[in-house]
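What the coordinates show
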Amino acid sequence: MSLFKKFAAPSDVKLEEVKDSVGGGFPALDTDIYKGKVKMAFLDVWGSGANYVALTLVLENGKEYSENITITNKKGDTFYEKNGKNYPLPGFVTIDDLCLVTLGVGLSEMDKHTEEKQVAVYDRDAGKEIPKVKQVLTGLLGKDVAVAIQKSIETKMDKDGDGKYTIPTADTRETNSIEKIFEPESMMTTVEARAEKTEGEFHEVWLEKNQGKTRDKTHKGDATGGKPVSSKSATSAPQAGGAAGARKPLFGNKG
């Protein structure tokens, strides 16, 4: 069975179209659009069973940026249902778009661009990186990309009785998240490419609204109340690019 075909939405599931939307490291990077190269990208699984891609970029300023980007829920679905409509998970779209702008294929078509390799993975219990064998998206390594990175301030969480980090504390931390992927030469998004535009425009709109701003995602309730905090995404719900079947490469097949 194909490793990545499982990330394609079932043929009987209609997904809503992607829209470019300006949604509402140590130390955290300032909110901006950065260009860089993919240093590492490998597939892994959270304790819940949800899949994620551990992504590391080397930015033009020499800094490394790492983020674990969730691409499925614990059932393995790359989409969620809201008000009777199906929307792809934002994290899935981020990685799918990354594959499209660098290789010209979607995430569900990445089997031939992937190898099993040993990588250093941070182990929270051990408190250090430990060598483990993972599925590395080797086709992405060394590829150029432009990313919109949002800086946020969040509430630090404590473990509950089940060992999950759901209890808000009085402390905060600054975090980063990739909000959008751009083809680095044209600065187009996949949405703009699907619309057959000749040059990118959305990146300027995103910068005008977000550049240099920090998003407040802190918990507004009692810090010691022990109430689980919702993990709603700050980005709009985009459409999965990995639907089954052949697709015309948006930026040409770069593989």
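Structure's up top.
Attention here is on the structure that accompanies the text. The model shown is predicted, which means the values in this text are computed figures rather than measured ones. (Residues numbered from 1 in each chain as written. Predicted model: local features only at pLDDT ≥ 70, side-chain atom pairs only at ≥ 80, totals over all residues. Heavy atoms only, no water.)

Things to note about the environment of Lys164
Under the convention used in this document: Helix and strand labels come from DSSP, where a helix needs a run of H or I of at least four residues and a strand needs a run of E of at least two; each type is numbered from the N terminus.
Assignment of secondary structure puts Lys164 in the loop between strand 8 (144–159) and strand 9 (165–182). Note: C-alpha distance between Lys164 and Gly47 (117 residues apart in sequence) is 10.0 Å.

Here we look at the pattern of salt bridges
Applicable threshold: Note on definitions: salt bridges are taken to be side-chain nitrogens of Lys or Arg within 4 Å of carboxyl oxygens of Asp or Glu. Each residue's exposure class comes from its accessible area (1.4 Å probe, protein chains only) as a fraction of the maximum for that residue type: buried when under 20%, exposed when over 50%, partly exposed otherwise.
In the structure shown here, the tally under the stated rule is twelve salt bridges. A salt bridge links Lys132 to Asp123; the nearest nitrogen and oxygen atoms lie 3.7 Å apart. A salt bridge links Lys217 to Glu154, with the shortest nitrogen-to-oxygen separation between them at 3.4 Å. Placement of the pair is Lys217 in strand 10 (residues 214–217) and Glu154 in strand 8, with a sequence separation of 63 residues. Using a relative accessible area of 33% as the deciding quantity, one classes Lys217 as partly exposed. A relative accessible area of 17% places Glu154 in the buried class. By sharing partners, the salt bridges in this structure join Asp30, Lys151 and Glu174 into a single network.

Brief notes about the layout of surface pockets
Basically, it comes down to this: A cavity here means a set of 1 Å grid points, computed over protein atoms only, where a 1.4 Å probe fits but cannot escape. A pocket is an open set with protein on both sides within 12 Å along at least 5 of 7 lines, and lining residues have an atom within 4 Å of a point. Grid points are joined across faces, edges and corners, and a volume is the space filled by probe spheres set on the points.
Considering only enclosed or pocket space, the second largest pocket measures out at about 200 Å³ in volume. Lining the second largest pocket are 14 residues, and of these Gly36, Lys143, Asp144, Val145 and Pro184 lie nearest its centre. Contributing elements (two or more residues each) for the lining of the second largest pocket: strand 1 (32–45), helix 1 (90–103) and strand 8. Here the lining of the second largest pocket takes three residues from strand 1, the largest share from any one element.

Focus: the nonpolar core
Just so we agree on the cut-off: We call a set of buried Ala, Val, Leu, Ile, Met, Phe, Trp, Tyr and Cys residues a nonpolar core when their side-chain atoms join them within 4.5 Å. Should any heavy atoms of two residues lie within 4.5 Å, those residues are considered in contact.
Counting residues in each nonpolar core, the largest one holds 33 residues, and the members touching the most others are Leu57, Leu140 and Ile178. Listing elements by their share of this core, those giving two or more residues are strand 1, strand 2 (51–59), strand 3 (64–70), helix 1, strand 8 and strand 9. Broken down by element, the residue count for this core peaks at seven residues, all from helix 1. In contact with Ile178, other than residues within four places in its own chain, are Leu55, Leu57, Tyr65, Glu67, Ile69, Thr94, Val147, Ala148 and Ile149.

Comments concerning helix 3 (residues 202–210)
Basically, it comes down to this: Throughout, the arc means the angular range of directions from the helix axis out to the C-beta atoms.
Those residues of helix 3 that fall on the buried side of the exposure criterion are Phe202, His203, Trp206 and Asn210. With its buried residues spanning 100 degrees around the axis, helix 3 presents them on a single face. In helix 3, the exposed positions that point more than 90 degrees away from the buried face belong to Glu204 and Glu208. If you follow the buried residues of helix 3, they end up packed against strand 1, strand 8, strand 9, helix 2 (190–194) and strand 10. Gly212 sits one or two residues past helix 3 and shows a positive phi near 80 degrees.

Concerning helix 1
What counts here: Here a helix's expected span is defined as the number of its residues, less one, multiplied by 1.5 Å.
Taking 1.5 Å of rise per residue, the 14 residues of helix 1 would be expected to cover 20 Å, and the 20 Å separating its terminal C-alpha atoms lies within 8% of that figure. Most of helix 1 sits out of view: 14 of its 14 residues are buried. Phi turns positive one or two residues past the end of helix 1, at Gly104, with a value near 85 degrees.

Some remarks on the packing of aromatic side chains
Centre-to-centre distance and the angle between the planes together describe a pair of aromatic rings. Basically, it comes down to this: Aromatic rings from Phe, Tyr and Trp, with only the six-membered ring used for Trp, were paired whenever their centres fell within 6.5 Å, and each pair was classed as stacked if the ring planes differed by under 30 degrees, edge-to-face if by over 60, and tilted otherwise. Our definition puts a charge over a ring when NZ of Lys or CZ of Arg is within 6 Å of the ring centre and also within 35 degrees of the ring normal.
One pass over the structure, following the stated rule, counts two aromatic pairs. Just above the ring of Phe202 sits the side chain of Lys180; from NZ or CZ to the centre is 5.8 Å.

Some details on unusual backbone geometry
Even without being glycine, Met187 reaches a positive phi, approximately 60 degrees. Looking at the secondary structure, you find Met187 in the loop between strand 9 and helix 2. In this structure Met187 comes out as buried when scored by relative accessible area, which is 11%. The backbone phi angle of Glu196 is positive, close to 60 degrees, even though this residue is not glycine. Along the chain, Glu196 falls in the loop between helix 2 and helix 3. The exposure class assigned to Glu196 is exposed, which follows from its relative accessible area of 65%.

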